[in-house]
Each structure stands twice: as structure tokens, then as C-alpha cells.
Amino acid sequence: MSLAYCSKRAAGILRQLPTDRRGALAALCRHINDAERKLNAAAALRLKGCLEDCRGLCCRNLQLDTVFGIPDFVYLLAVMPSLEAEITECLRIEEPLFTSNCPFLQRGVGPCLFPPDVRPEVCITSFCRGDETLKTEIRRVKIRFWKLGIFLYFNKLPLIHSLLAKTG
């Protein structure tokens, strides 16, 4: 799946989300955001080393499908709807087969378009210097993204049911 497709699909999910489920989604996203803040606080020295030594090497030579998925874009757009236009612009001329650098690096070199506490799961839980001392915080972020994925998966069922009911 292309990133542009994932982004458009996520925006569509948010637009079509029934009103009675919006509060649950907002709570899930708040929990992810809280976990990301705690991870960033615990990893402050490690992140400083990443920026000074590696200079964003983890944002280069990527297989983007393994980094970004629909739940990541749902999270990003639910927390910061204002990012939709910037994400769309970054993906306007997406290279679908191979991209050497993350398309969300500003001016192609950085910094990242996304704020430090609002990042996709893989971006915020990957460290070039190991993660032994951060296992609890990383696990917390991953579990909360997993819950978002489950929410999105089961959110489809009522929609499928209503479509089947309309077609007789």
C-alpha cells in the first residue's frame, strides 16, 4: 500500500467515524500521546545522542510500508488535524517503489514534520543505540497503538453490517 493511500484512507475513516465512537478514539489517541511523552522523557539523553551522532540516519533508506500504516495516520490526523494538508503535500509526488528518505523530513533533510510527542509507532519506538532501559515505555506505546488498531478493525464491522442491510 502506498503512503498516500494510507493517509487518504485514514482521513476517510476519521470523516466517517460515527459520533458515538469519536470519544473512544480521542481517548485512545490521548493515551498514545501520553505514552509517547513518557517515552521521550525517559529517552531524552538517547535521543540527543541520536541527533548529534547519527543525524537522523534512521530516517534514511527506509522501507516505508514497515514504518507507516493506516493506524499511524489515523493517530496523527486525529491528534493534529492541521497536518493533513502537509502530509498530502509531502506525498503528492510519492515514489511508490523505493524512497531513500522519509518523505516527512522537512526540505528532505529534517527536522521531522511531526512533533516529538506525535509520531508514528515505529518512529518513536526505534532507537539506534539500543532500547534496553526503555522497554517499559516502548511496550506502553506499542500496546496503545495495538489498541488503536483493534479499535479501527472492529469499527469496520458496524459499517459492513449497515452496508449489507442497505443492499437487502
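Use the structure listed above.
The following refers to the structure shown. (Residues numbered from 1 in each chain as written. Predicted model: local features only at pLDDT ≥ 70, side-chain atom pairs only at ≥ 80, totals over all residues. Heavy atoms only, no water.)

## Some remarks on the side chain of Asn155
Mapped onto the elements of the fold, Asn155 is located in helix H7 (residues 135-166). With near-sequence residues (within four places) excluded, Asn155 lies in contact with Leu17, Pro18 and Arg21. (Helix = DSSP H or I, 4+ residues; strand = E, 2+ residues; numbered from the N terminus. Contact = heavy atoms within 4.5 Å.)

## Observations concerning the nonpolar core
Among the nonpolar cores identified, the biggest contains 43 residues, and Phe68, Phe73, Val74, Ile87, Phe104 and Leu148 are the most heavily contacted of them. Mapped by element, the contributors of at least two residues to this core are helix H1 (3-16), helix H2 (19-42), helix H4 (70-79), helix H5 (83-90) and H7. Ranked by residues supplied to this core, first place goes to H1 with seven residues. Apart from residues lying up to four places away in sequence, Phe73 is in contact with Leu3, Cys6, Ser7, Ala10, Phe68, Ile87, Leu91 and Phe104. (Core = buried A, V, L, I, M, F, W, Y, C linked by side-chain atoms within 4.5 Å. Buried < 20%, exposed > 50% of the residue type's maximum accessible area, 1.4 Å probe, protein only.)

## Quick word on the pattern of salt bridges
Throughout the structure, instances matching the rule amount to four salt bridges. With a shortest N-O distance of 3.0 Å, Asp34 and Arg37 are connected by a salt bridge. Here the residue Asp34 and the residue Arg37 both occupy positions in helix H2, the gap between them amounting to three residues, near one helical turn. Relative accessible area serves as the criterion here: at 40%, Arg37 is assigned to the partly exposed category. Lys142 is the partner of Glu121 in a salt bridge, and the nearest nitrogen-oxygen pair spans 3.6 Å. (Salt bridge = Lys/Arg side-chain N within 4 Å of Asp/Glu carboxyl O.)

Read these as spatial facts, not as claims about activity.
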